[in-house]
Amino acid sequence: MAKSTSSDAQMLIRSLRTAYAATPTNLKIIDLYVVYAIVTAVIQVVYMVIVGSFPFNSFLSGVLSCVGTAVLAVCLRIQVNKENKEFKDLPPERAYADFVFCNLVLHLVIMNFLG
C-alpha cells in the first residue's frame, strides 16, 4: 500500500514539474515574490514566538504587510496570466499599475497603524 502511495506522489510531483516548466517567466518571478513574502511573514511569526511581541503593533504591521503584499501579488498573477480569459482585455501595464497603487495604499494604512 505504501509503495503505491509513494509512486502516486512521485508521479504527481513529476506532472506538476512538467506543467510548471511551461509557465512564462514573468509568472515565475511573481511566484517567487509571493513565496518571499510568505517566508518573510513566517520568519516574523517565528521571531515573535521566540523573542516575544512587546511592540505588538509592529508585529501585526509586519505580518499584515507581508500577507497583504502576497495577496496583491497573487491578484497580479491572475491578471497577467495570458491563459486567464476573464482579464483578456486588461493590458499588463494596467495590472502592474494597479498592483503598485494598491501596494502604496496598503503600506500607507500599515504605516498609519504603526502610529
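Quick notes on the rules
Residues numbered from 1 in each chain as written. Predicted model: local features only at pLDDT ≥ 70, side-chain atom pairs only at ≥ 80, totals over all residues. Heavy atoms only, no water. UniProt positions renumbered as here; feature names shortened; annotations may be inferred. Helix = DSSP H or I, 4+ residues; strand = E, 2+ residues; numbered from the N terminus. Buried < 20%, exposed > 50% of the residue type's maximum accessible area, 1.4 Å probe, protein only. Contact = heavy atoms within 4.5 Å. Phe/Tyr/Trp six-rings, centres within 6.5 Å; stacked < 30°, edge-to-face > 60°. Salt bridge = Lys/Arg side-chain N within 4 Å of Asp/Glu carboxyl O.

Draft legend 1. Quick peek at the UniProt feature "transmembrane region" (unreviewed entry) in the protein. Residues annotated in UniProt with the feature "transmembrane region" (unreviewed entry) correspond here to residues 32-50, 56-76 and 96-114. Along residues 32-50 the backbone is 100% helical and 0% strand, and the end-to-end C-alpha distance reaches 27 Å. From the first C-alpha to the last, residues 96-114 spans 27 Å; its make-up is 100% helix and 0% strand.

Draft legend 2. Local environment of the side chain of Asp31. Within the element layout of this structure, Asp31 appears in helix H2 (residues 25-51). On the accessibility criterion, Asp31 (17% relative accessible area) is buried. Aside from chain neighbours lying at most four places away, what touches Asp31 is Tyr20 and Arg77.

Draft legend 3. The arrangement of the packing of aromatic side chains in detail. Evaluated as defined, the whole model comprises two aromatic pairs. Both rings, one in Tyr33 and one in Phe99, keep their centres 6.3 Å apart while their planes meet at 80°; by these two values the pair is edge-to-face. With Tyr33 in helix H2 and Phe99 in helix H4 (residues 92-114), this pair connects stretches of sequence that are 66 residues apart. In this structure Tyr33 comes out as partly exposed when scored by relative accessible area, which is 35%. Centre to centre, the rings of Phe56 and Phe59 are 5.7 Å apart; their planes meet at 40°, and the pair counts as tilted. Pair noted here: Phe56 and Phe59 are both in helix H3 (residues 56-80), with a separation of three residues, about one helical turn.

Draft legend 4. How the structure looks around the pattern of salt bridges. With the rule as written, the count across this model stands at two salt bridges. Linking Arg77 and Asp31 is a salt bridge whose minimum nitrogen-to-oxygen distance equals 2.5 Å. Residue Arg77 is located in helix H3, and its partner Asp31 is located in helix H2; the two are separated by 46 residues in the primary sequence. Notably, a salt bridge pairs Asp98 with Arg94, separated by 3.3 Å at the nearest N-O pair. Of the two residues, Asp98 and Arg94 both sit in helix H4, four residues apart, roughly one turn of that helix. The partly exposed category is assigned to Asp98, whose relative accessible area is 26%.

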